[in-house]
Amino acid sequence: MAKRDSRTPVSQQPHTVEIPDDITTIGGTVTVEINEKKVSVPFGTTILEACKTNQIHIPTLCHHPDLCIAGTCRVCLVDVEGMRTLQTSCSFPITSPIKIKTTTPMVRKARRHIIDLLLSEHYGECYTCVRNNNCELQALAKEYGVDNFTFGHVDKPRFEIDRSSPSVIRDMNKCVLCKRCVRTCIDLQEVGVLEAINRGDKTHIGTFYDKALADVVCINCGQCINRCPTGALHANDPSDDIWAAIDDPTKHVVIQTAPSPRAAIGEEFGQPAGTSYTGELNTALRRIGFDKVFDTNFSADLTIMEEGTELLNRLKAVLVDKDESVKLPQFTSCSPGWIKYIEHFYPEYLDHLSTAKSPQQMFGAVIKTFYAKEADVKPEDIVTVALMPCSAKKFECNRPEMADSGFKDVDYGLTTREMAKMIKEAGIHLPEMPSTNFDDPFGDASGAGLIFGATGGVMEAALRTAYELVTGREVPFKNLKIEPCRGFQGVKQASVKLENCVEDYKFLEGADLKFIVAHGTANAKIVMEMLKRGELNDVHFIEIMACPGGCIGGGGQPIPTSEAIRTARAKAIYEEEESLPIRKSHENTHVKYLYEKFLTDGPCGHLSHKLLHTHYTKRGKFIS
Amino acid sequence: METIIKKTQRTGPVIFSEYTRGKAVRKAIEIGRNDILFELKDSGLKGRGGAGFPTATKWMLSAAANGEKKYIVCNADEGEPGTFKDRVLLLEYPELIFDGMVIAGFTIGAKEGIVYLRGEYEYMLKSLEDYLEEMRKDNLLGKNILGKDGFDFDITIRLGSGAYVCGEETALIESLEGNRGEPRNRPPYPVNTGFMGYPTVVNNVETLAVVPHIVLKGGGWFKQHGTDKSTGSKLFSVSGDCARPGVYELPWGIKISELLFIVRAENTKAVQIGGASGVCIPKSQFDRAFAYEDIATGGSIMIFNESRNMLKVLKNFMEFFVEESCGQCTPCRIGNLKLLEGVNKIESGDFTFGYINTLKELGKTMQVASKCGLGQSSPNPFISILENFKEEIFNSKNRNGGSNGKAR
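Each chain carries its own residue numbering, running from 1 in the written order of its sequence. Each chain is given a letter, starting from A, and each ligand a number, starting from 1, according to the order in which they appear as written. With pLDDT at 70 or above as the cut-off, local features in this predicted model cover only qualifying residues; side-chain atom pairs require 80 or more to be listed or tallied, and sums for whole chains, interfaces and linings still use all residues. Side-chain measures here rest on the full set of heavy atoms in the structure, leaving out hydrogens and waters.

Participant: I keep staring at the overall build of chain A and nothing clicks. Help me out?
Facilitator: By the criteria applied, helices consist of DSSP H or I runs no shorter than four residues and strands consist of E runs no shorter than two, each listed in order from the N terminus. Looking only at helices and strands, one finds 19 helices and 17 strands in chain A. Each radius of gyration is computed over the set of C-alpha atoms, and the globule rule expresses the reference value as 2.2 Å times the number of residues to the power 0.38. Relative to its length of 624 residues, chain A is compact, with a C-alpha radius of gyration of 26 Å against a globular reference of 25 Å. Structurally, chain A occupies a C-alpha span of about 80 × 60 × 50 Å along its principal axes. For chain A, the residues scored as buried account for 61% of the 624 residues in total. What makes two residues a contact is simply this: any of their non-hydrogen atoms within 4.5 Å. The long-range share in chain A, meaning contacts at least 24 apart out of those at least 6 apart in sequence, stands at 75%. Under the convention used here, a 1.4 Å probe and the Shrake-Rupley method define accessible areas, while residue burial counts only the protein chains that appear. Of the accessible surface of chain A, which amounts to about 24200 Å², a share of 51% is contributed by carbon and sulfur atoms. When charges are counted, Lys and Arg are positive and Asp and Glu negative, with His and the chain ends excluded. To locate a charge, the coordinates of NZ of Lys, CZ of Arg, CG of Asp or CD of Glu are taken. For chain A, the separation between the mean place of its 72 positive charges and that of its 82 negative charges on side chains is 5 Å. Exposure classes here rest on a 1.4 Å probe applied to the protein chains alone. A residue is buried below 20% of its type maximum, exposed above 50%, and partly exposed in between.

Participant: What's the story with the overall build of chain B in this structure? I'm lost.
Facilitator: Per the secondary structure count, chain B includes 15 helices and nine strands. Here the C-alpha atoms of chain B give a radius of gyration of 22 Å, agreeing with the 22 Å that 2.2 N^0.38 yields for 408 residues. Counting the 408 residues in chain B, one finds 61% classified as buried. Contacts spanning at least 24 positions in sequence make up 71% of the contacts within chain B whose residues lie at least 6 apart. Carbon together with sulfur atoms contributes 49% to the accessible area of chain B, which is approximately 15100 Å² in total. The average position of the 51 basic charges and that of the 50 acidic charges among the side chains of chain B differ by 3 Å.

Participant: I keep staring at unusual backbone geometry and nothing clicks. Help me out?
Facilitator: Cis peptide bonds are those with omega within 30 degrees of zero, and the linkage from Ile559(A) to Pro560(A) qualifies with 10 degrees. Along the chain, Pro560(A) falls in the loop between strand E17 (541–545) and helix H17 (563–578). Residue Pro188(B) is reached from Pro187(B) by a cis peptide bond, and omega for that bond is 5 degrees. Counting through the fold element by element, Pro188(B) comes out in the loop between helix H6 (169–176) and strand E4 (200–204). Positive phi, normally seen in glycine, also occurs at Asn198(A), with a value near 65 degrees. Mapped onto the elements, Asn198(A) comes out in the loop between strand E7 (195–197) and strand E8 (204–206). Using a relative accessible area of 43% as the deciding quantity, one classes Asn198(A) as partly exposed.

Participant: So what exactly am I meant to see when it comes to the environment of Ala462(A) here?
Facilitator: Residue and element names in this part refer to chain A. Within the secondary structure layout, Ala462 lies in helix H15 (residues 457–471). Sequence separation between Ala462 and Asp301 is 161 residues; the distance between their C-alpha atoms is 9.0 Å. Not counting the four nearest positions on each side in its chain, Ala462 is found in contact with Ile304 and Phe541.

Participant: I tried to follow the packing of aromatic side chains on my own but got confused; where do I start?
Facilitator: Between two aromatic rings, the relevant description is the distance of the centres plus the angle of the planes. All names here are of chain A. Here is the rule: rings of Phe, Tyr and Trp (six-membered ring for Trp) pair when centre to centre is within 6.5 Å. Planes less than 30 degrees apart are stacked, more than 60 are edge-to-face, and the remainder are tilted. Using the criterion set out here, one finds 31 aromatic pairs over all chains in the structure. Ring plane angle 90 degrees and centroid distance 4.8 Å describe the contact between Phe294 and Phe442, whose orientation is recorded as edge-to-face. Of the two residues, Phe294 sits in strand E11 (residues 292–295) while Phe442 sits in the loop between helix H13 (416–425) and helix H14 (447–450), which places them 148 residues apart along the sequence. Each of the two residues, Phe294 as well as Phe442, counts as buried. For the ring pair Phe298 and Phe363, a centre distance of 5.4 Å and an interplane angle of 45 degrees mean the geometry is tilted. Placement of Phe298 in helix H9 (residues 296–319) and of Phe363 in helix H11 (residues 359–375) is noted, with a sequence separation of 65 residues between them.

Participant: Explain the domain arrangement of chain B here, please?
Facilitator: Many structure descriptions define interface size as the accessible area lost when the parts assemble. Residue and element names in this part refer to chain B. Source of the domain bounds: an automatic or database domain assignment. Entries for chain B in the domain assignment read domain 1 (20–222), domain 2 (233–305) and domain 3 (314–398). The distance between the C-alpha centroids of domain 1 and domain 3 comes to 34 Å. Taken together, the contacts link 13 residues of domain 1 with eight residues of domain 3. The term buried area refers to how much accessible surface (probe radius 1.4 Å) is lost by two components on association, counted for both of them together. For the pair domain 1 and domain 3, the summed buried area comes to about 880 Å², and 65% of that belongs to carbon and sulfur atoms. Ranking the residues of domain 1 by area buried against domain 3 places Tyr164, Val165 and Pro183 at the top, with a combined share of 51%. The definition of a polar contact used here is a pair of N or O atoms within 3.5 Å, where within protein one atom must be able to donate a hydrogen and the other to accept one, and adjacent residues in sequence count solely through side-chain atom pairs. Seen at the junction of domain 1 and domain 3, the total is four residue pairs in polar contact (both at pLDDT 80 or more). Residues that form the side of domain 1 that touches domain 3 fall into these classes: five nonpolar, four polar and four charged. Three classes are used: nonpolar for Ala, Val, Leu, Ile, Met, Phe, Trp, Tyr, Cys and Pro, charged for Asp, Glu, Lys and Arg, and polar for all others, with Gly counted as polar.

Participant: How should I be thinking about the packing of helix H3 (residues 85–92) of chain B against helix H4 (residues 94–108) of chain B in this particular structure?
Facilitator: The geometry of a pair of packed helices is captured by two quantities: the angle between their axes and the separation between those axes. Residues and elements named next belong to chain B. Between the N-to-C directions of two axes lies an angle of 0 to 180 degrees, each axis being a line fitted to C-alpha atoms and, for a helix, fitted only over the stretch in contact. For the pair H3 and H4, interaxial distance at closest approach is 5 Å and the crossing angle is 90 degrees. One element, H3, and the other, H4, form an angle in the roughly perpendicular class. Only Pro94, Glu95 and Ile97 of H4 make contact with H3, whose side of the interface consists of Leu89, Leu90, Leu91 and Glu92. Classifying every residue of the contact of H3 with H4 by side-chain character gives five nonpolar, no polar and two charged. Each angle is binned into one of four classes, with values under 35 degrees roughly parallel, values over 145 roughly antiparallel, values of 65 to 115 roughly perpendicular, and all other values oblique.

Participant: Is there a simple way to think about H17(A) in this case?
Facilitator: Residues spaced three or four apart along an α-helix face the same direction, because each turn holds 3.6 residues. Residues and elements named next belong to chain A. Over its 16 residues, H17 extends 23 Å from the first C-alpha to the last, a length consistent with the 22 Å expected when each residue adds 1.5 Å. For H17, the complete set of buried residues consists of Ile565, Arg566, Arg569, Ala570, Ala572, Ile573, Tyr574, Glu576 and Glu577. Residues of H17 that are buried in the fold lie against helix H5 (223–227), helix H7 (259–264), helix H8 (278–288), H14 and H15. Any helix carries an expected span of 1.5 Å times its number of residues minus one.

Structure below.
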């Protein structure tokens, strides 16, 4: 029996089939007949899963491995002997020895009718669609040999495209009402911005009162984009502006590349998930015409210095100075989706957020100040582009407060998908590129910065540095791998004991440094509710990433996504990390150089506070 | 013209037979749940909402299901066009419905009953609430009902908000939970996973109203009426071109022509049976019978005489479905739209017979591919009217555009 514990309707929750006491089948398995072949499957397996494990392909559209079952598109219909109607294989749990047929004339006709109906309402030309050749509706049409519009085809748009959000663009003319975005937003992320509105032929996916996406509590995470089967949802693409800047000889265009895109961009070039293209990407970017290619991992290291120092300062303020205005636990602030989430849903806890900017924004500020001087370029002539796995980064770089260099710190946030498009447009096949390094003065970064890409990475990087600062020794984990931080469990909780501390940190002697790592805002909500109930009073540091899996599962990453794909990407990052010579942020020589030459009053000092730290906005749930 | 026959005119072998409040509940407590289920099974009672699922089976399944709580839901969202029998029961025979719910609660072990009342019936809310209050005073609701230790049951009334689809039991449950009224996937069925995830019996008003009579007089008495597979009697909501529209209790097995005679219908061309989602029967088939063996129905009878334009009748139905589909599943949401477009094409004369046949095929797909009963039955009028009245509809002189209408 499905028990209600969230606001998800029971119908949309996964089936929990109760195993009867007098189960007549042996070992909890049921033997069914699929297309006259006998197969044994575990009790409660859906027909779809049973077919998949027996190499029988069933088309799907509203089904997504990350989401609960909907059963709305009806493409996966099969015939179950003895039932009056066809059954959706995605939702039908096998609990008795049924006979299933997957390709009867009736099944084939029904599927074809359904695809024809969807196409009749789907406005748009494939050539001009961002999802051309990566569209599940297009693929279905091909699979079923659709060669004409049986039930006609809409010839003019019914909906205005919502371009209000700097991150996510909604074109409901291409929507097939599979509700994956709705389920992503409500179930996976527990934000709940999107829902079906109206009924019958007026049904559409909309926001609260059909407001523009920019005017509702959307956190810009872009997870809906990653799960949209068509081009109805896509990111706000700035590549035309970037091309224009590259083509403008008066502009000095620099790009910083985040750790996650390099582990995923190969998928856009037909490579299997889990192959890193760091050096190849550097070469491709230079060939496209970027003047300098920098590694965001540098500013990730910088973030660790700032955020780690801030944590130690907070610990001192709370434990030694008994300053009640200082809040613990401290939350990480790298994920702009998480920032907007807490600003909307838990604005009363903003004091817990680290004031450190995200690596993207730190880098922007450093490029338009320190780098401008070092390279002798006028900051107003510099265009900074950030290659990110993220759609929320687009919103972040447009925040009005993100201009501490005196200019817009980061001009454009570009997603992995958009970057791949630019590379293809430049006639480059990424996997064939020779490998080159990042540019000075920021050079190659530490492995700690690289693992920011996976959930738990920021925590692991911070612990490597903070532990060493406090005790003078390396973290007590084999090969620096802090296993409790790794893996895709929703909320991870662990601690490290601080012993034999150095003189400055004697006040931490014997303390258990407790930390939590959570990814996906649904898990963030769990953590925030624990905090609200006062259950986290002894926790010191919490890492939260808005996207499931962390940045490697970001809303700007290649489509499709699934846990298997995210696991492969994370593996690529961790493997690359282990091969790097420097694996601790505080050992990054370029970071040290920056503190010696530029941020001379050290981490959390006066200048770094001006350039590398920020403040947040209490947004609340109600926006007028 | 009388719209509803006066109460004194209501005669019938089962529902409109004599009954006093609480009588069947007392009997039910005496004989116990096994005997209630036995009588119910023996009676052969099938759900009166239209789908005709055996009531005893539904009750047994939910009685056997594991759950900390169980619920009885009375489906009073009478939304099928042309049906108003539940309104009469709710207004004039609440004792039957509520006693039926109490007996159901006693039988399956539910402590809570909910009446999902059609939003448009808000005007009867107060009188129903008052009636429940009286029942509480008489200890027919509340704790230890009629002195039976541990037999607690109470009823609340909730109002719908006007969506036709919420008459579908799983959409109704979604709506009760405060969600958008959309049908659920089944399995699992409400008898296992219903309201708030608990085992739930959803019964039509009329089904529940029959129960007290069966408990009192036995399944054997009940099945004396009707036919072998369609036991007992049925309430018919008769409207349209006849002199005496209203609610009638008639035994199953009665022929269409007999019903038309009773309600004084003349020059009848067609009878739409089962509401908008039912089938349209032409004059040539008026000797067919109302029964699960022949034409099963929830009881909505719409009579059309010779002056009616069947294409307009069909268009009216299809417009209704286009608007009332919940919009969730593809075949129903877009399919109904395509069928309506087809009707419009016929009306304007701009159609091919090939395309109309394609639409009929689509209708057959909708019948087996839609998620719930709405989309599974909405093509019925399209298919039956186009089939049974093709002479009238495709004869260009009869079409709206007169002889200008051109069929290609």
